Structure formats: C-alpha cells, structure tokens
Amino acid sequence: MATAVEMAAIAKPGGISVVRAFLKLVIACAFGLFAYFSCAWLGDNFYLDWAWIYDYWGLPYPRSGSLDVKSLDAYDSGMMFFTWMPLLAAAFATMMLRALPSGAVPLFYRRTKRQIGRILAWEAPPRRFWVYWCGGMSIQDVLVLGFVAALNIYYCWHYLHYYSTYLDHFEELGIVLPQSKALIMVEKAGLTFGIMMWPNIWLLFLPIPQSSFLQNLTGLTYAHMIRYHRWLGHITLVVLSVHGWLYYIYWAISHEFWVMFTDWAVDSSINYLAGSISYIFGLILWCTSLGWIRRRLFEVFYRFHIVCFVGFSLFAYMHYSWSWTYFLPGLLLYAVDLVLRSGQLGQTTLITGAAVDDEAGVATVQLQVSQAASSCPLKEVFLMVPSISRWQWHPISIAGSEPDPATGGSTLTLNIKHYGKWTKSLLEHLQRAEPLPLRVSAPPSNGHCEWKGCEAVVLIGGGIGATPLLAMLREMCRSRLDPKEAAHVPARVVLVWACRNPREFCILDPELLTAATASDGWLTVELHSTKMVHTPTKPVPLDAALTSEGTFARLDSPKEPASIGNGISSDKPISDTSSDTTEVKRSNLGSPLFHGFARVIQPQSVGFWHLASVYLLVWAGAFFGTSLGAQYVAEHNTWLASSGNEYSMDMYYKLATIQFFTQFVMALGLPYLLAVFPVHMWRYWKAARGSSSELLPFAPPSRPTGHGRGCQMVGNLLTDGSDSHIELKSGRPVVRDAITSASKDASAGATVGVFVGGPEVLTHQVQLEVSDINQYACLGGGQGRPYLQFRVVTHSL
C-alpha cells in the first residue's frame, strides 16, 4: 500500500525527487535541533529564547485546584521537545524515504557523495597501531570521537569556568567561603562530571538497537554501530568514575565520607548511596564487557550485561530523579527494537533442513521465512533454542537466501561451526534427526547491497567466517539472472577462501561451483588449505570416487545420506514434509504464548503504517509513563501546600523509582498491546483457520536444498558430483596478489569492493594491504588505479 507521501510524489513529474529532498532536509533539521540543544541549553539566554515552551508547556495537576501544581513542569516538557521529538521526526522521515522509489539524482551529487564516502573511509595514521588496537580508525571514526570529545570538553569547561567565576565573585564581595576555594572546586568538578553524563548517556544508547532507522539512514551495519557503542561505553564509564571518585575525595578531605556515602536521601535530594550502587553496577558491566571476557566467557558477559544494565539504570534514577532526561532519548529507539522483536519471540518455528559434517564440525541449517527473498536479504539472525537454553540468543550470519515457490516466502541457509558449549549442543540435537523447535529474531534488512556500485569485487574469507561472503556471492549470482538487477552486478568477482580443514569448503553449493568453472570468467574461486591437502598416489576417476562406498553419494540419487559427513547417520529417506503432522503438543514447541503449532519466521513489522504506529506508540507510552509517575510528586506537593507539612528529601528518589517502572512499562507495553500483539495474533488466527503455507509440520529436518546443498571433497578436489570441480591449493593465499589481480582490469577511479570475513588476523592483514594500496594511488604512484573499498563482514560482539 502506497503512503500518502508516495501518492503525492507520483502525482507530478519529478515530484519524487522534490519529496526526497524535503525529507532529507527534515532529517538534517532534526539532528541539527538535537545538536543545538546539546550545547545551547547551558547558556543563560536559552530559556529566554525558548520562553514560549518554558512559560506555557507545563502539565497542570488537576487535583491541585487553585494551588496550580504541575505534574510535569516546563523543564520536563522542554527536554521532551528537544531530545525526543527530533529523533521521532528523523525516524518518520527515514521510513518515508525508504517507502519512496528512487528519484533522478544529478551526476555531480552522486560524484560528491562518492568522494565524501571515500574521504570518510580513509584510514588515519598510524594505521598499524589503530588496526591492531581497535580495528582501525577511519576519518569517520575520528569525526565521531571528535564530536563526543568536543561535547565533553565544552560541558567541562563551561561549568568549571562558571563555578570558578562564581566563587571569585564571592571573594571580591568579601564573603568568607565555608571551605577553601580549591576544596570547593573539587566538589564542583565532581558535580561537573556528573552533569557531563547528559551528552554521554544521550549518545551511548543510540547505537544499540538491532533494527533502527539510524542504520537505514547511515548505511552502517549493526556490528559497526555496536563498535561505536563500545567506544562510547568506555568514555561514559571514565566520566562516571571521575564523577564518583572526586566526590569520594572531597568527602574524605571534609571528614564526612561515611555520612555522605551512606546517605539515603536524608540530608539531600540526591541519593548518594544509590549513586554508589549504580556506579558499582557500572563497573561490573564495564569489566565483564572487555574483549577477552566477551570472547572467552560469552555467557558471563551476556548475563552480567543485562543484569548490570538494569541495576545501573534503576539506581541512577534513584540517585538523581531527573536521570530519565538523558536515559530515555536513546532507550526509546531500543524500546522500538524490543517491541518489534517481542512479536517474533512469541512465535515458534522449526528447522526444516539440516546436515552435519562431523569431520569439519559444521552444520548446515535451513529455516523458512514468510517474506520473499530480495536482492539484498538479511545479513544475520538471532537464534534461541529452548531445549538448549531459554535465555541465550546467538547471532548467526546468513549464508544464503532464496525464494520458496511453494510458500511465496524464502529459505534461509545458515552455516554453524562447533566453537563452544551452545554450538556443540545444537549440533548434537541436529544429529538426533528429531524435530527441533526454536525462536528466531530476524531484524529487517536495511535494503543496502554493499557490492552495488563496485566495478569488481574481491571476497577474502577465512574458515567459517566466509559465510557472509558466500551470501553476497549468491546475491550477485541471482541478480545476474534478473534483467532489472543485472546492470548493477560487478563485472568481475574473485573469491579467495582459506580453511584449516578442507571439508569446510563443502558448504559451497553446486551453483557457485558451476559459475566458477564457467567459460565467461565472471567468477574466480581460489580455495586454499592451510594444512596439507591429501592427494591420492594414484589418480582415481571422479565418477568412480563419487560412486564408491563411503560418505559421498550422487546428488541425484533416490536415497541420500541426511548429512554431508557422518553426523546424521544412516541412509534413511528424506523426511516427508507433506505428511499431516501439523497438530502438535504444546509442550513440544516451548512457545511462550502456548501456540499449538509452529510457523515460518514472521516479520517484525508488516508495512510502513505498522512500523510508524509502533514508533508513535513507544513515544506516546514514554510520555504517558513519565506523566503517570509524575502524579506522585504532584500529589505530594499538593499535600504539602495544603497541609503545611515539612518538605521531605526522600520524595525525589521515590518519584524516580516510580517513573523508572511506569516509563518502561508504558513505553514497551502500550505499543505491544495496541500494535504488535494484535497483528501477530491476527496472523496466527488466520493461519489456524485453515491450511496455510505458513504452517510447518512437526517433523525432523529434511535434507537441505538449494544453497544448503553443498559440494563434496574427493581427494584435493571440490566437486558437485559432475565434471565441475576446483582443485585445492596448499598454504595461505597472498592477499595483495589477489586484490591486484582482481582490480587490474578496473577502470581509473572505479570502485573495487574488498570484503573480508574471518579471524581478526586476516581482517587486519587485508585492511592494512588495502590502506597501503589506496595511499600509494593517492600519492601519485598509481595514477589510473581504481579505489579499493574495504568492508569487514564478520564481527565479534
């Protein structure tokens, strides 16, 4: 269904381009307003310039009568206007941009945009240091960190200068200070670093949603956004530590440490003990998020991250009752993400295809999706298998997506390697050849194909990390067959793939092998085994090797092993998915909503208006939650004004505790109950009314098809069972040679995409090689060379 904006744009020739330009202007103004407020509200004239908000936008408390008590005062309303509304406006404008077809773009605009993108991607020196310390530091990264640093420096300078001038003014008037100026400035510095939590918390939570309009707007991947989240987390915890320790030092020098440290909102409206508890939660979260713990003890990181985040936020609210003003802007986007995911998490699906290779320790898994495959499909999904763990969600890269003509949806193929306890348990479940229920969170695709606009593409993979590279290669192969998309496909593609265990190459499907051995030379595949490749002493004819007894069998045989290797044993027939087994005991599904049958993976949102309503209801829920919690302080102030009782300091932390729960319950509950739950229940009811292509039989996984139908290893040959085969090479590939050979025929100034997936050692090596080649061309040593666009497609959380 077309949106109103799209209908208006279609009504006039060239209207689409005008509307798109207007929407981009709205986005720029929204972020400009957000950036303006982050600095301007510290100035003395800010409240005068925006008096039309601060004089009239308070929310009166109706039970106060003539006392004119406000439940939400003008400062609360101002914070909502300047920090909430710009994000909502930018989100709506971005969604409209995605709904509109692309308009005519001037050539100079495309060239300028491309040049700006290349400048932002330029690696800052010293490259080797940055690459090995934090994965590289591009000009874009420098600008992001520079903006954060500038905000912190401005806040710090502004308040320290203000307090110092204020104290000097007292001394000039001859007023004796209760303490020395130096000691007072220690306390004021601690207060300043507490105020600096505003810009840092504002920015900290913006990158964390798995699906956010910011990813669609910027083109950044979720992994890149999480990278910024980690950097901002370090900065935030450093600022928070300085804030806390300056106060501890001040209390110690003033001989009032234990009195203030243990104060639970008795002597001050600030709950100091709650602040220390929040800081302890933050320290534990910080320590358990370090790289070596995150990689080696993922369960420790995962569980502590959730628990400590809740503890840090709750006690920060209790420490300072206005903390919601810097927590909520970013958390509102996260609330949208949680609400959308919750609709999928209530649905149970089944693995429809599975194969396990014990020797390689790799499983090929296939899932059914209700949405049709696009030219730029999903990049990853999050899996939760109740029979293994009801709490752990694991991100898995998608190896391929292909249309399913029978259902009108698509089939996702995943390649999962045995690395830890969870993956080991998953492979063991698959080997039993039993029905395996699971829940899947599938973020929507951002619709951005990274390889589009590249004249040539080089794919460099290491081990199972090459899975997303195979997905990109399959996207390009499918687009070549589509007349509308064929013009955007790179003219030449090279895949260089190195594995320690040669059997990992078996996840390469026959279609890609056929394309690699075709006479047109469009695709070149180089397979390297880093350990010795077994070569038979006597050559064995390929047909004889394929028909001999053992693991291998012809792909067209009527009876075929259910696995690539020795995992799901026996040559039993493939499961008959057409059998009438849709009636399933609820206990077998592990569905949180007690659904009686399994279905294909459901979409997070079912269209533009559905997604827009979720955004609007999240913002409305947060407003209602804030207003509802504020009724407590309004009633308290009304009672004080009418009874003449003394003012109570503990009112503020109680207010903050109430608002913590009312805000998050309303921000999550309102959109879920009004927009997400009814839509998914309607789809479930519609499927339950009769036969539906979304229903899945409760049956063991069948043999994978399409992308999941892997090739086979025969000696040092990878073959699909026909005459097409690729010979494996021993040793590691020479990365620079692979890049230069693929880009030698590219035209001057063209873009050659270099995508790498694998361990950090490989990605760092490729990143440095690409930076060196680009620098050589830029300095004049390689006029006429193409530009190498580097991308990492595998990341660690």
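Residues numbered from 1 in each chain as written. Predicted model: local features only at pLDDT ≥ 70, side-chain atom pairs only at ≥ 80, totals over all residues. Heavy atoms only, no water.

- Looking at an unreviewed UniProt entry, one finds the protein chain named FAD-binding FR-type domain-containing protein and attributed to Chlorella vulgaris.
- Word for word, the UniProt comment on the protein chain under Subcellular location (unreviewed entry) is "Membrane". (UniProt positions renumbered as here; feature names shortened; annotations may be inferred.)

## Concerning the overall build of the protein chain
- Within the protein chain one finds 26 helices and 20 strands.
- When the 797 residues of the protein chain are sorted by exposure, 52% land in the buried category.
- Taking the intrachain contacts of the protein chain between residues at least 6 apart in sequence as the baseline, contacts between residues at least 24 apart amount to 77%.
- Of the roughly 36700 Å² of accessible surface on the protein chain, a fraction of 62% belongs to carbon and sulfur atoms. (Helix = DSSP H or I, 4+ residues; strand = E, 2+ residues; numbered from the N terminus. Buried < 20%, exposed > 50% of the residue type's maximum accessible area, 1.4 Å probe, protein only. Contact = heavy atoms within 4.5 Å. Areas by Shrake-Rupley, 256 points an atom, 1.4 Å probe, with all protein chains shown as cover.)

## Observations concerning the side chain of Thr626
- Relative to the helices and strands, Thr626 resides in helix 23 (residues 608-643).
- The buried category is assigned to Thr626, whose relative accessible area is 0%.
- Apart from the residues within four sequence positions on either side, Thr626 is in contact with Leu72, Met80, Trp84, Trp324, Leu328, Gln659 and Gln663.

## Observations concerning the nonpolar core
- Grouped together as the largest cluster of nonpolar side chains are 101 residues, with contacts concentrated most on Trp41, Tyr155, Trp198, Phe327, Tyr615 and Trp619.
- With 12 residues, the top contributor of residues to this core is helix 12 (residues 222-253).
- One finds Val457, Met476, Leu513 and Leu718 within the second-largest nonpolar core, a separate group that totals 39 residues. (Core = buried A, V, L, I, M, F, W, Y, C linked by side-chain atoms within 4.5 Å.)

## Looking at the packing of aromatic side chains
- If you walk through the whole model with that rule in mind, you get 62 aromatic pairs.
- Judged by centre distance (5.8 Å) and plane angle (50°), the ring pair of Tyr247 and Trp251 falls under tilted. Of this pair, Tyr247 and Trp251 both sit in helix 12, four residues apart, which is roughly one turn of that helix. Across this residue pair, the class does not change: Tyr247 and Trp251 are buried.
- In this structure, Lys188 is placed above the aromatic ring of Tyr163, and the distance from its NZ or CZ to the ring centre is 5.0 Å.
- The side chain of Arg480 reaches across the aromatic face of Trp522, ending 4.3 Å from its centre. (Phe/Tyr/Trp six-rings, centres within 6.5 Å; stacked < 30°, edge-to-face > 60°. Lys NZ or Arg CZ within 6 Å of the ring centre and 35° of its normal.)

## Let's talk about the sheet that holds strand 17 (residues 725-727)
- Read from one edge to the other, the open sheet built from three strands follows the order 15-16-17, with strand pairing classed as antiparallel. Each having just a single partner strand, strand 15 (712-714) and strand 17 make up the two edges of the open sheet. Strand-to-strand twist in this sheet, taken as the mean axis angle between neighbours without regard to direction, amounts to 30°.
- Of the pairings in the sheet, the one linking strand 15 to strand 16 (residues 717-719) comprises three bridges and is antiparallel in character. Each residue of the ladder has a partner; that of Met713, found in strand 16, is Leu718. (Pairing = 2+ DSSP bridges. Axes fitted to C-alpha atoms, helices over the stretch in contact; angles between N-to-C directions.)

## A closer look at the pattern of salt bridges
- A full pass over the atoms with the stated rule returns 18 salt bridges.
- Residue Glu187 is joined to Lys188 by a salt bridge in which the shortest nitrogen-to-oxygen separation is 3.7 Å.
- The class of Glu187 is buried, set by a relative accessible area of 15%.
- Arg503 serves as the salt-bridge partner of Glu359, at 3.4 Å between the closest nitrogen and oxygen. Residue Glu359 is found in the loop between strand 4 (353-357) and strand 5 (362-369), and its partner Arg503 is found in the loop between strand 11 (492-499) and helix 20 (510-516); the two are separated by 144 residues along the sequence.
- Connected through shared salt-bridge partners, Asp357, Glu359 and Arg503 make up one network. (Salt bridge = Lys/Arg side-chain N within 4 Å of Asp/Glu carboxyl O.)

## Examining helix 8 (residues 139-172)
- With 34 residues, helix 8 extends 48 Å from end C-alpha to end C-alpha; this agrees with the ideal 50 Å at 1.5 Å per step.
- Those residues of helix 8 not exposed but buried are Asp141, Val148, Leu151, Asn152, Tyr155, Cys156, His158, Tyr159, Tyr163 and Leu167.
- Turning to helix 8, the residues buried within the fold contact helix 2 (15-40), helix 9 (181-195), helix 10 (197-204) and helix 12.
- Phi turns positive, to about 80°, at Gly174, one or two residues after helix 8. (Expected span 1.5 Å × (residues − 1).)

## Focus: the pairing of strand 5
- Burial of strand 5 is extensive: eight of the eight residues sit out of reach of the surface.
- With five bridges joining them, strand 4 and strand 5 adopt antiparallel strand pairing. Following the sheet pairing, Asp357 is matched in strand 5 by Val362.
- Connecting strand 4 to the next strand, strand 5, in antiparallel fashion are four residues, including Gly361 with a positive phi near 65°.
- Sheet analysis places strand 5 next to strand 8 (residues 410-417), joined by eight bridges and oriented antiparallel. Each residue of the ladder has a partner; that of Gln368, found in strand 8, is Thr411.

## Considerations on the environment of Gly465
- Tracing the sequence through the fold places Gly465 in the loop between strand 10 (456-462) and helix 19 (467-480).
- With relative accessibility at 13%, the residue Gly465 sits in the buried group.
- In sequence terms Gly465 and Val756 are 291 residues apart; their C-alpha atoms lie 8.6 Å from each other.
- Apart from residues lying up to four places away in sequence, Gly465 is in contact with Gly757, Gly758 and Thr794.

## Concerning the sheet that holds strand 5
- Read from one edge to the other, the open sheet built from seven strands follows the order 3-9-6-7-8-5-4, with strand pairing classed as antiparallel. Strands with a single pairing partner mark the edges of an open sheet, and in this sheet they are strand 3 (349-350) and strand 4.
- Its contacts with the sheet put helix 19 on strand 7 (394-403) and strand 8, and the angle it makes with strand 7 is roughly 20°.

## Some details on the packing of helix 17 (residues 324-345) against helix 23
- At a minimum axis distance of 10 Å, the contact between helix 17 and helix 23 shows a crossing angle of 140°. Classified by the angle between their axes, helix 17 and helix 23 sit oblique to one another. Of the two possible hands of crossing, helix 17 and helix 23 adopt the one that is right-handed. Only Leu611, Val614, Tyr615, Val618, Trp619, Ala622 and Thr626 of helix 23 make contact with helix 17, whose side of the interface consists of Trp324, Leu328, Leu332, Leu333, Ala335, Val336, Val339 and Leu340. (Parallel < 35°, antiparallel > 145°, perpendicular 65-115°, else oblique. Left-handed = near helix turned anticlockwise from the far one by under 90°.)

## Some thoughts on unusual backbone geometry
- Here the residue pair Pro125 and Pro126 is connected by a cis peptide bond, since its omega of -5° sits within 30 degrees of zero.
- In this fold, Pro126 is placed in the loop between helix 6 (107-120) and helix 7 (127-134).
- A positive phi angle, near 60°, is found at His255, a position not held by glycine.
- Turning to its location among the elements, His255 is positioned in the loop between helix 12 and helix 13 (257-261).
- Residue classification places His255 among the exposed residues on the basis of a relative accessible area of 74%.

## Section: a nonpolar patch on the surface
- Together, Ile280, Ile284, Leu297, Val300 and Phe304 make up a nonpolar patch on the protein surface, roughly 380 Å² of accessible area in all.
- Every element with two or more residues in the nonpolar patch is listed here: helix 14 (272-288) and helix 16 (298-319).
- When you line up the elements, Ile280 lands in helix 14.
- Assessed through its relative accessible area of 46%, Ile280 is described here as partly exposed. (Patch = residues over 30% accessible without salt bridge, like charges linked within 9 Å, V, L, I, M, F, W, Y side chains within 5 Å.)

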